[in-house]
Structure formats: structure tokens, C-alpha cells
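# Observations on chain architecture
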Amino acid sequence: MTYRDSLAYVVYYLSEMHPELESKAGKARTEWYGVVPHLAPLAFFDGNVRSPQIPIPDSFYPIYRNMIDGARAQQTFLEMTIDSSTTGIEPALLHLGIRITPTDSSVDTMTTLRLVAIVYEDGVPYYSMLRGDTVFSPMTVRQVIGDSFGIPIRLKFGQNFDTLLTTPVSDYNIDRVGVVVSVQNYLNRAVYQSVIKRKLKN
């Protein structure tokens with residue numbers, strides 16, 4: 001998911017061996033994308049561009065870098081920001097303020113847009129049988145606010161769309177919780193804009 005000049009990525013896990021990394025949203029979205037365990041790990045850029053399977057680890061960087069640079073070059077018809085004045089986290093509750101500003105009238109006819117607000121936890125510990133030690137999983141999806149496919153929204157050129165979302169986070173390490181928010185087309189899975197706040201707790 002690209003936004004401005006950077007990159008927002010999240011990790012969904014599909015593994016019976018590590019239930020501490022799985023989530024309801026992760027299971028639902030991996031099924032939506034048709035990902036099965038023998039295909040994992042697998043990445044999608046901008047929601048619907050599947051990355052190639054890369055058998056040689058040293059070749060990851062140039063291939064992914066080219067895909068990232070290509071995504072950065074694309075123009076979008078939305079601007080989106082996280083409202084710092086209404087966004088924050090308490091021991092049991094997360095608040096997330098979002099503003100979306102359409103920059104083109106093409107958005108007026110789009111009826112299948114979803115606001116996908118992903119809550120993730122960074123550095124989730126789990127025991128790796130392969131390494132024989134505890135390792136830490138980055139940017140691990142805990143939930144998508146609303147349901148696993150986001151919240152249906154309608155946007156109109158010339159009008160800001162403002163919303164405030166809340167969700168329980170009682171079982172998370174709130175020192176490591178962040179959010180990635182995207183506008184995604186439910187029909188073709190294309191992600192049109194994303195924003196990230198890497199750490200909610202000040």
C-alpha cells in the first residue's frame with residue numbers, strides 16, 4: 001500500500017502452528033485473496049498486484065524495489081490524513097480520526113469503496129521451531145475495524161469525508177500498536193490511498 005513518498009505494509013498470518021499471530025481478519029482476507037499455506041509468503045502491492053514468487057533471497061530487493069517505485073509513480077484521486085487530535089489509545093480502547101479528501105470527480109460514481117482500518121501490533125513474540133528461539137513478528141495484523149473487509153463509504157468530489165472510529169484493544173501491547181488505513185475497492189481489491197501511524201501511544 002503506497003502513500004505519498006513512503007510505503008505502508010502489514011502482515012497477515014495463516015498458520016495453525018502460531019495461533020498467537022493469527023487474526024479473524026487475516027483468515028478472512030487470505031481466503032479473499034485465494035492464498036493457501038503452500039503459497040505463503042505472498043505479497044500484494046496496492047491491494048491487487050501480486051508479487052512474483054522469488055526463490056532466490058538475494059533477488060528480493062531489486063524486484064520489490066522496482067514494484068515500489070512503480071507504485072509511487074502512480075497518481076491517485078484521494079488524499080487522506082489521520083487526525084492527531086482525535087486519534088489515540090487507552091489501555092482498553094483505540095480512537096482513530098480520519099479525513100479523506102477526493103481530488104477528482106471520478107470518485108462520485110464509485111459505489112464499492114471500503115475504508116479499511118487495520119490495527120497492527122509490532123514485534124509480537126513467538127517461538128520459532130526452525131530457529132529454536134523466540135523471534136518477533138513485525139506489523140502483525142490484529143483486526144480490521146468494522147469487519148474484515150472494512151466499512152462501506154461513499155465519497156463526493158468537493159466534500160471532505162470525516163469519521164471517528166473506535167475499537168477495543170484490551171488484549172494488545174498498546175506500546176506497540178499502530179494503524180494503517182486504506183481506501184480499497186471491494187470489487188477489484190485496488191487500494192487507492194493509504195496512511196500509516198506507526199505508534200499510537202505517546
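Here the structure is a predicted model, which is why all the values come from computation and not from measurement. (Residues numbered from 1 in each chain as written. Predicted model: local features only at pLDDT ≥ 70, side-chain atom pairs only at ≥ 80, totals over all residues. Heavy atoms only, no water.)

### Focus on the overall build of the protein chain
When helices and strands are counted, the protein chain shows 2 helices and 15 strands. Within the protein chain, the fraction of its 202 residues that count as buried is 44%. Within the protein chain, contacts between residues separated by at least 24 positions form 66% of all contacts whose residues are at least 6 apart in sequence. Just so you have it, the protein chain exposes about 11200 Å², and 53% of that area is on carbon and sulfur atoms. (Helix = DSSP H or I, 4+ residues; strand = E, 2+ residues; numbered from the N terminus. Buried < 20%, exposed > 50% of the residue type's maximum accessible area, 1.4 Å probe, protein only. Contact = heavy atoms within 4.5 Å. Areas by Shrake-Rupley, 256 points an atom, 1.4 Å probe, with all protein chains shown as cover.)

### With respect to the pairing of strand 15 (residues 191-197)
Within strand 15, 6 of the 7 residues are buried, leaving the element largely enclosed by the surrounding structure. Where strand 14 (residues 177-185) and strand 15 come together, 6 bridges link them in antiparallel fashion. For glutamine 184, the partnering residue across the bridge sits in strand 15 and is valine 191. With antiparallel pairing between neighbouring strands as the criterion, strand 14 and strand 15 make up a hairpin whose turn holds 5 residues, including arginine 189 at a positive phi of roughly 70°. (Pairing = 2+ DSSP bridges.)

### Some thoughts on the packing of aromatic side chains
According to the stated counting rule, one finds 5 aromatic pairs in the structure shown. Ring centres 4.8 Å apart and planes at 50° place the aromatic pair phenylalanine 77 and tyrosine 192 in the tilted group. Within this pair, whereas phenylalanine 77 is found in the loop between helix 2 (60-72) and strand 5 (78-82), its partner tyrosine 192 is found in strand 15, the two being separated by 115 residues in sequence. The same class applies to phenylalanine 77 as to tyrosine 192, namely buried. With a centroid separation of 5.9 Å and 80° between ring planes, the pair formed by phenylalanine 149 and tyrosine 186 is classed as edge-to-face. A residue pair is termed long-range when its members are at least 10 positions apart, and phenylalanine 149 in the loop between strand 11 (140-144) and strand 12 (151-153) and tyrosine 186 in the loop between strand 14 and strand 15 qualify at 37 residues. (Phe/Tyr/Trp six-rings, centres within 6.5 Å; stacked < 30°, edge-to-face > 60°.)

### What about a nonpolar patch on the surface?
A contiguous nonpolar surface patch, about 390 Å² in accessible area, is contributed by Met17, Tyr127 and Met129. Overall, the relative accessible area of 62% leaves methionine 17 in the exposed class. (Patch = residues over 30% accessible without salt bridge, like charges linked within 9 Å, V, L, I, M, F, W, Y side chains within 5 Å. Salt bridge = Lys/Arg side-chain N within 4 Å of Asp/Glu carboxyl O.)

### Topic: unusual backbone geometry
Of note in this structure, methionine 139 is not a glycine but carries a positive phi near 45°. Among the structural elements, methionine 139 can be located in the loop between strand 10 (133-137) and strand 11.

### What to know about helix 2
Helix length check: helix 2 (13 residues) gives 18 Å between terminal C-alpha atoms against 18 Å at 1.5 Å per residue, within 8%. All of the buried residues in helix 2 are Met67, Ile68 and Ala71. In a view along the axis of helix 2, the buried residues occupy a sector of 100°, so they form one face of it. Within helix 2, the exposed residues directed more than 90 degrees away from the buried face are Tyr61 and Asn66. (Expected span 1.5 Å × (residues − 1). Arc of directions from axis to C-beta.)

### Comments concerning the confidence of the model for the protein chain
Taken residue by residue, the protein chain gives an average pLDDT of 84. The fraction at 70 or more is 87%. The secondary structure element of the protein chain with the lowest average pLDDT is strand 1 (residues 2-3), at 43, and the one with the highest is strand 12, at 97. Every residue in residues 1-5 scores below 50 in pLDDT, and together they form 23 contacts with partners more than four places removed in sequence or on other chains. (pLDDT = per-residue confidence, 0-100.)

### Thoughts on the environment of tyrosine 12
For tyrosine 12, the location among the structural elements is in the loop between strand 2 (6-7) and helix 1 (24-32). Residue tyrosine 12 is classed as partly exposed on the basis of its relative accessible area, which comes to 24%. Remark: the alpha-carbon pair of tyrosine 12 and lysine 27, spanning 15 residues in sequence, is separated by 7.8 Å. Those residues in contact with tyrosine 12, other than ones at most four positions away along the chain, are Ala25, Gly26, Arg29, Thr30, Ile118 and Val141.

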